[in-house]
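Below are the chains, spelled out letter by letter.
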Amino acid sequence: NGAPNEIAPGGTFEAEIVATDREGAALDYEFKASTSMQDILQYYVNTEVPIVVRGTGPKATVTAPAAPGIYRLYGFARDKTGRSASASRTFKVTG
């Protein structure tokens, strides 16, 4: 949850990972961003983009990249045994 469709360069938004562990164990959370492309039917390698994330749990405030473009926000949830789940959402930085 969280990434807007469009945001201004350096704008902030709230992101949230909704996840549970089957055994009830605590989870670790991480947010990352990368470049992305829309409406493309060819191989494309995303490049990780540095972002500022405030918060250490499932909810965080994310600062969008300063450069206009299309990006993908990834959210990861991991348990202590190494099992993980992820989700992602594309957003556009306009300006």
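Residues numbered from 1 in each chain as written. Predicted model: local features only at pLDDT ≥ 70, side-chain atom pairs only at ≥ 80, totals over all residues. Heavy atoms only, no water.

### Details of the sheet that holds strand E1 (residues 6-7)
Here comes step 1: Sheet architecture is open: five strands sit in the order E1-E8-E7-E3-E4, paired in mixed fashion. Whereas interior strands pair on both sides, the edge strands pair on one side only; in this sheet they are E1 and strand E4 (48-49).
Here comes step 2: Looking at chain direction, strand E3 (residues 28-35) and strand E7 (residues 69-78) are connected through eight bridges and run antiparallel. Pairing of Tyr29 across the sheet is with Ala77, part of E7. (Pairing = 2+ DSSP bridges. Helix = DSSP H or I, 4+ residues; strand = E, 2+ residues; numbered from the N terminus.)

### Quick look at the pattern of salt bridges
Here comes step 1: Taken as a whole and assessed by the stated rule, the structure comprises three salt bridges.
Here comes step 2: When the shortest N-O distance is used, the salt bridge between Lys80 and Asp28 registers 3.0 Å. Highlighted residues: Lys80 in the loop between E7 and strand E8 (84-93) and Asp28 in strand E3, separated in sequence by 52 residues.
Here comes step 3: Here Glu30 makes a salt bridge to Arg78, at a shortest N to O gap of 2.8 Å. In this pair, Glu30 sits in strand E3 while Arg78 sits in strand E7, placing the two residues 48 residues apart along the sequence. (Salt bridge = Lys/Arg side-chain N within 4 Å of Asp/Glu carboxyl O.)

### What about the environment of Ala33?
Here comes step 1: With respect to the helices and strands, Ala33 occurs in strand E3.
Here comes step 2: A relative accessible area of 2% places Ala33 in the buried class.
Here comes step 3: The sequence separation of Ala33 and Gly75 amounts to 42 residues, and the corresponding C-alpha distance is 8.9 Å.
Here comes step 4: Apart from residues lying up to four places away in sequence, Ala33 is in contact with Thr47, Glu48, Val49, Ile51, Arg72, Leu73 and Tyr74. (Buried < 20%, exposed > 50% of the residue type's maximum accessible area, 1.4 Å probe, protein only. Contact = heavy atoms within 4.5 Å.)

### Observations concerning the nonpolar core
Here comes step 1: Within the largest apolar cluster, 16 residues are counted, with the highest numbers of intra-cluster contacts made by Phe13, Leu73 and Phe91.
Here comes step 2: Looking at this core, the elements that each hand over two or more residues are strand E2 (12-16), strand E6 (59-63), E7 and E8.
Here comes step 3: Sort the elements by how many residues they give to this core and E7 lands first, with three residues.
Here comes step 4: In contact with Leu73, other than residues within four places in its own chain, are Ala3, Phe13, Ala15, Phe31, Lys32, Ala33, Ile51, Val62, Ala87, Ser88, Arg89 and Phe91. (Core = buried A, V, L, I, M, F, W, Y, C linked by side-chain atoms within 4.5 Å.)

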